[in-house]
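# Structure at a glance
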Amino acid sequence: MKHHLLPVSNKTVHWGYFSKVVSPALTLRSGDRATIETLTHHANDDYERMIKDDPGAESVFKWTKEHKAVARRGSGPTEGPFIRGAGEGIGVHLLTGPVAIEGAEPGDVLEVRILDIRPRPSQCGCHAGKCFGSNVAANWGFHYHDLIEEPKPREVVTIFELDSSGEPFAKAVYNYVWTPQTDPDGIVHPTIDYPGVPVDHTTIRKRENILPGIKVPARLHFGTMGLAPSEADYVSSIPPSYTGGNIDDWRIGKGARMYYPVAVPGAYFSVGDPHAAQGDSELGGTAIETSLTGDFEFILHKKGDLGGTQLEGLTHPLLETSDAWSVYGFTYPNYLAELGANAQTEIANHSSLDRAMRDAFRKLRRFLMTVHHLSEDEAISLMSVGADFGVTQVVDANWGVHGTIRKTVFRCD
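One structure accompanies this document, and this report is about it. What you see as residue numbers is a count from 1 along each chain, following the sequence as written. Where local features are concerned, this predicted model is filtered to residues with pLDDT of at least 70; where side-chain atom pairs are given and counted, the filter is 80 or more; whole-chain, interface and lining totals use all residues. Each side-chain value is derived from all of the structure's non-hydrogen atoms; neither hydrogens nor water enter the calculation.

## Remarks on unusual backbone geometry
Following glutamate 150, the chain continues into proline 151 via a peptide bond in cis, with omega recorded as -5°. Comment: elements are numbered from the N terminus, with helices defined as DSSP H or I runs of at least four residues and strands as E runs of at least two. Relative to the assigned elements, proline 151 resides in the loop between strand E8 (131–137) and strand E9 (156–163). With an omega of -15°, the peptide bond running from lysine 152 to proline 153 counts as cis. Checked against the element boundaries, proline 153 lands in the loop between E8 and E9. One non-glycine residue, serine 281, lies in positive phi territory at about 100°.

## Digging into empty space enclosed by the protein
A pocket, in this scheme, is an open set of points on a 1 Å grid over the protein atoms alone with protein on both sides within 12 Å along at least 5 of 7 lines, while a cavity is a set where a 1.4 Å probe fits but cannot get out; residues line either one if an atom lies within 4 Å of a point. Grid points are joined across faces, edges and corners, and a volume is the space filled by probe spheres set on the points. A full pass over the atoms with the stated rule returns two cavities of 30 Å³ or more. There is about 110 Å³ of room inside the largest cavity. If you trace the largest cavity, you find 15 residues lining it, with Arg49, Met50, Arg120, Pro121 and Ser122 closest to the centre. Approximately 80 Å³ is the volume attributed to the second largest cavity. If you trace the second largest cavity, you find 15 residues lining it, with Phe18, Pro229, Pro239, Gly244 and Gly245 closest to the centre. For the lining of the second largest cavity, the secondary structure elements donating two or more residues are strand E16 (234–236), strand E17 (244–245) and helix H3 (335–338). Under the scheme applied, nonpolar residues are Ala, Val, Leu, Ile, Met, Phe, Trp, Tyr, Cys and Pro; charged residues are Asp, Glu, Lys and Arg; polar residues are all the others, including Gly. For the lining of the second largest cavity, the residue count by class is eight nonpolar, seven polar and no charged.

## Quick word on the nonpolar core
Residues grouped as a nonpolar core are buried Ala, Val, Leu, Ile, Met, Phe, Trp, Tyr and Cys residues, joined through side-chain atoms within 4.5 Å. Buried means the residue's accessible area, taken with a 1.4 Å probe over protein chains only, is under 20% of the maximum for its type, while exposed means over 50%, and partly exposed covers the values in between. Among the nonpolar cores identified, the biggest contains 31 residues, and Ile36, Ile101, Leu110, Met225, Phe269, Phe296 and Phe298 are the most heavily contacted of them. Contact between two residues is taken to exist if any of their heavy atoms lie within 4.5 Å; hydrogens are not considered. If we ignore the near neighbours within four places in the chain, the residues touching methionine 225 are Val112, Ile114, Gly244, Gly245, Ile252, Met258, Tyr260, Phe269, Ser270, Val271 and Phe296. Core analysis: the second largest hydrophobic core is formed by 23 residues, Val8, Trp15, Ala57 and Tyr176 among them.

## A closer look at the environment of phenylalanine 367
Inspection of the secondary structure assignment puts phenylalanine 367 in helix H5 (residues 353–371). Using a relative accessible area of 1% as the deciding quantity, one classes phenylalanine 367 as buried. When the C-alpha positions of phenylalanine 367 and threonine 78 are compared, they lie 41 Å apart, and in sequence the two are 289 residues distant. With residues up to four places along the chain from it excluded, the contact list for phenylalanine 367 reads Gln310, Leu318, Trp325, His372 and Ile405.

## Section: the layout of surface pockets
Remark: the empty space left among the atoms is shown by a probe the size of a water molecule rolled over them. When its volume is computed, the largest pocket comes out at roughly 820 Å³. The wall of the largest pocket is formed by 43 residues, among which Gly89, Val92, Asn139, Trp140 and Ile238 lie closest to the centre. Residue composition of the lining of the largest pocket, by class: 18 nonpolar, 16 polar and nine charged. Its volume calculated, the second largest pocket comes out at about 500 Å³. Forming the boundary of the second largest pocket are 26 residues, of which Asn135, Ala137, Thr158, Phe160 and Leu211 lie nearest the centre. Going through the elements one at a time, E8 and E9 are the ones with two or more residues in the lining of the second largest pocket. Examining the composition of the lining of the second largest pocket, we find that three residues originate from one element, E9, more than from any other. Of the residues contributing to the lining of the second largest pocket, the split by class is eleven nonpolar, nine polar and six charged.

## Let's talk about the sheet that holds strand E25 (residues 400–406)
Pairing within the open sheet is mixed, and its nine strands lie in the order E1-E5-E21-E7-E18-E22-E23-E25-E24. Among the strands making up the open sheet, the edge pair consists of strand E1 (3–6) and strand E24 (387–393). The average angle at which neighbouring strand axes cross in this sheet is 25°, direction not considered. Pairing of E1 with strand E5 (residues 33–37) involves four bridges; the strand directions are parallel. The residue bridging histidine 3 from the neighbouring strand is arginine 33, located in E5. Angular values range over 0 to 180 degrees, each being the angle between N-to-C directions of two axes fitted as lines to C-alpha atoms, with helices fitted over their stretch in contact. In this fold H5 packs onto strand E22 (318–320), strand E23 (324–330), E24 and E25, with an angle of close to 140° to the strand it touches most, E23. Where helix H6 (residues 376–386) meets the sheet, its contacts fall on E24 and E25, and the angle it forms with E24 comes to roughly 70°. Strand pairing follows a simple DSSP-based rule, namely that at least 2 bridges must link the two strands.

## Quick notes on the pattern of salt bridges
The term salt bridge refers to a side-chain nitrogen of Lys or Arg lying within 4 Å of a carboxyl oxygen of Asp or Glu. According to the stated counting rule, one finds 21 salt bridges in the structure shown. Residues aspartate 249 and arginine 251 are paired through a salt bridge, measuring 2.6 Å at the closest nitrogen-oxygen approach. When its relative accessible area of 0% is taken as the criterion, aspartate 249 is described as buried. What makes arginine 251 partly exposed here is its relative accessible area of 21%.

## Here's the deal with the side chain of glutamine 344
Looking at the element boundaries, glutamine 344 is found in helix H4 (residues 343–346). For the purposes of these results, a polar contact is taken to be a pair of N or O atoms within 3.5 Å, where, inside protein, one atom must be able to donate a hydrogen and its partner to accept one; residues adjacent in sequence count only when each atom of the pair is a side-chain atom. Separated by 3.0 Å, the side chain of glutamine 344 and the backbone oxygen of tyrosine 234 make a polar contact.

## Thoughts on the packing of aromatic side chains
Note on aromatic pairs: the rings of Phe, Tyr and Trp (six-membered ring only in Trp) are paired at centre separations within 6.5 Å, and the planes decide the class, stacked below 30 degrees, edge-to-face beyond 60, tilted for the rest. Summed over all chains, the structure comprises eleven aromatic pairs. Where tryptophan 325 meets phenylalanine 367, the ring centres are 5.4 Å apart and the plane angle is 55°; that geometry is what we call tilted. Highlighted residues: tryptophan 325 in strand E23 and phenylalanine 367 in helix H5, separated in sequence by 42 residues. Taken together, Phe222, Phe269, Phe296 and Phe298 form an aromatic cluster joined through their ring pairs.

Shape is all these values report; function is a separate question.
In structure tokens form, the structure reads like this:
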């Protein structure tokens, strides 16, 4: 077993997409471990607290009229003229990787164990050593067209500080209403429509003393983690799918094991969208988006060895924790294959919790029948009385419902 280090830099991240054609940032073997740094794509919401004097972050976010360190942001076109910028923001998350797994082939399953997660402290002056994150009530949020106060509609950025000295929690520092921002290339962004746009704080009004007396329990986790799909060379990081991606489940934190079906040779694992805290649904559009470092272990399960294990027949992401298994239902289990050439933008027109719930039901039924050898009638009865289904997210176009079954129900005295 080897332990690798994958730091963030403009050479080790890709922005807004999963890809089977991007050169791996790291190659390792089954059983190896890696410490992987990740950055939030919302760091420019407060440059001073989340980027300034941090060499890794500055190398990624540097953007002047003459130079854009990471030009492509999204799976869209890279040749102008642009509406929003290269990649057109069809995908927004900063992902570290890809990590190639030696010997991984389609039909295999990659197990990713999260051994530990640590916040990335600020490096700037009086903020040094403190950790910050941004929560955005955004135009893609479930709430956006259902506001009751003026102005309507509006996008609001809330900056949080994470206190990890004891039992970790987050406390709001200030918020502001998004105002049109002009990026270094001269493109005006009236809404939050492209990742990493520098926010000019002379154009916004900070509102302090917000959420007084409220402490949000921290749930450090990675919102986006998964493998490269086979259907396209560049795939938006926003909608989750059969190889994982933007699942946005706060349970995918320290101690979790995620299982992903391998779709391309090498698997091509990427991780990002780090979160300090999130509730089920991620209702407003984002979590507390912060920068985190994780310790991971990678175990490759070969196709020929899956029979008779909990991975038999697995064609979708599966979460295992110390006390439960969870499956993830989506509006479309594989939207790339089901919606055709324009699937990456078309999926947002089909968001449905009904379909996601049905998909979660079918996946958990299969798990109970295949892995635990229940009949269909037994599986349905057990799901009705012993499983928990919840809304994972309603903000990622391919909406999600998780189905969870506790391990204790299978233990008889």
